[in-house]
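Spelled out from the first residue to the last, the chains are:
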Amino acid sequence: MERFAFLDLEGVLYPEIWEIYAHKLGLPELGKTTREEPDFKKLVSERIKILKKNNVQLQHLSTLSKQIKLLDGALDFVKSLQKMHFDIYIVTDAFLEIIGDSVKNLEVCNIYPNHFTCDESGYITDAIYMREKGKYEVLEQILKEKRNAYSIAIGDTFNDFTMLDYADDGFLFNPSQQALLMASPNFRVVRNYDQITEYLKGKLE
């Protein structure tokens, strides 16, 4: 049986990057995330306007990102999934232009991010979204012809719900109270990586 793991990045393997930008740049309004604003496109549009208003270029964000480390235990967790023979896919609404170096540290080849476009001065002008309806589209594309497969998905908030629903087992990782209230009762709520690995060991052995 083939095994597939679909992981969100921010909040699961990597800190919430915009909260760090907000602190580093002294722009608290950048700290809002999908935990507070479920409409992701609206949130990104607000961020782009704030960055332009404060003369923050994409290169500045990329430089800050290089200083941000993976969450404690994230790399070991990914390796533990690989030892269980999972093919791992990072399905993130983050933008490759600012998280590329961090994703390399995970040693995962299959990454499904969004993208930014910039003007000639290096300011972000727009976002290119790789999915129209939700993260489940990635799972649907990969799993549609797999007749003997087991899939898990791990995410922490609203924009992960569709892929958690689609997978055989969906893990809601350390969610906010608001996300928890809106989550499906079918999701498995976990607070750390060990809870996931212990569940998988019991299920797969």
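Residues numbered from 1 in each chain as written. Predicted model: local features only at pLDDT ≥ 70, side-chain atom pairs only at ≥ 80, totals over all residues. Heavy atoms only, no water.

Condition: UniProt positions are given in the numbering used here, feature names are shortened, and annotations may be inferred rather than shown by experiment.
An unreviewed UniProt entry annotates the protein chain as phosphoserine phosphatase of Neisseria dumasiana. Per UniProt, the protein chain has the following entry under Pathway (unreviewed entry): "Amino-acid biosynthesis; L-serine biosynthesis; L-serine from 3-phospho-D-glycerate: step 3/3."

Comments concerning the overall build of the protein chain
Cut-off, in case you're wondering: Here a helix means four or more residues in a row that DSSP labels H or I, a strand means two or more in a row labelled E, and each is numbered from the N terminus. Just to be clear, the radius of gyration here is over C-alpha atoms, and the globule rule we use is 2.2 Å times residues to the power 0.38. Every residue pair with non-hydrogen atoms within 4.5 Å of one another is taken to be in contact. Using the Shrake-Rupley algorithm and a 1.4 Å probe, accessible areas are obtained, with residue cover drawn only from the displayed protein chains.
When helices and strands are tallied, the protein chain shows 9 helices and 7 strands. Here the C-alpha atoms of the protein chain give a radius of gyration of 17 Å, agreeing with the 17 Å that 2.2 N^0.38 yields for 205 residues. Dimensions of the protein chain, computed from C-alpha atoms along their principal axes, come out at roughly 55 × 35 × 30 Å. Here the analysis covers contacts within the protein chain between residues at least 6 apart in sequence; of these, 60% occur between residues at least 24 apart. A total of about 10500 Å² of accessible surface is found on the protein chain, and carbon and sulfur atoms cover 46% of it.

Observations regarding unusual backbone geometry
A positive phi angle is found at asparagine 55, which is not glycine, with a value near 60°. Here asparagine 55 lies in the loop between α2 (40-53) and α3 (58-65). Residues other than glycine seldom take positive phi values, yet asparagine 174 does so here, at roughly 45°. On the secondary structure map, asparagine 174 appears in the loop between β6 (169-173) and α8 (177-182).

Quick notes on the layout of surface pockets
The line we're drawing: The distinction between a cavity and a pocket rests on a 1 Å grid over the protein atoms alone: a 1.4 Å probe fits inside a cavity but cannot get out, while a pocket stays open yet meets protein on both sides within 12 Å along at least five of seven lines, and a residue with an atom within 4 Å of a point counts as lining. Grid points are joined across faces, edges and corners, and a volume is the space filled by probe spheres set on the points. When residue character is reported, Ala, Val, Leu, Ile, Met, Phe, Trp, Tyr, Cys and Pro are called nonpolar, Asp, Glu, Lys and Arg charged, and the others, Gly included, polar.
Quantified by volume, the largest pocket comes out at close to 260 Å³. Partitioned by chemical class, the residues of the lining of the largest pocket number 5 nonpolar, 4 polar and 6 charged.

Focus: the sheet that holds strand β7 (residues 188-190)
Basically, it comes down to this: Think of it this way: DSSP has to see at least two bridges between two strands before they count as a pair. Lines fitted to the C-alpha atoms define the axes, with helices restricted to the stretch that makes contact. Angles between their N-to-C directions range from 0 to 180 degrees.
Taken in spatial order, the 7 strands line up as β4-β3-β2-β1-β5-β6-β7 in an open sheet, and their pairing is mixed. Of all the strands in the sheet, just β4 (124-128) and β7 have a single pairing partner and so form its edges. Geometrically, the sheet is characterised by an average inter-axis angle of 20° between neighbouring strands, direction not taken into account. The pairing of strand β1 (residues 2-7) with strand β5 (residues 149-155) spans 6 bridges and is classified as parallel. Residue pairing in the sheet places phenylalanine 6 in a bridge with alanine 153 of β5. Contacting β1, β2 (86-95), β5, β6 and β7, helix α9 (residues 193-204) crosses the sheet at an angle of about 165° to β6.

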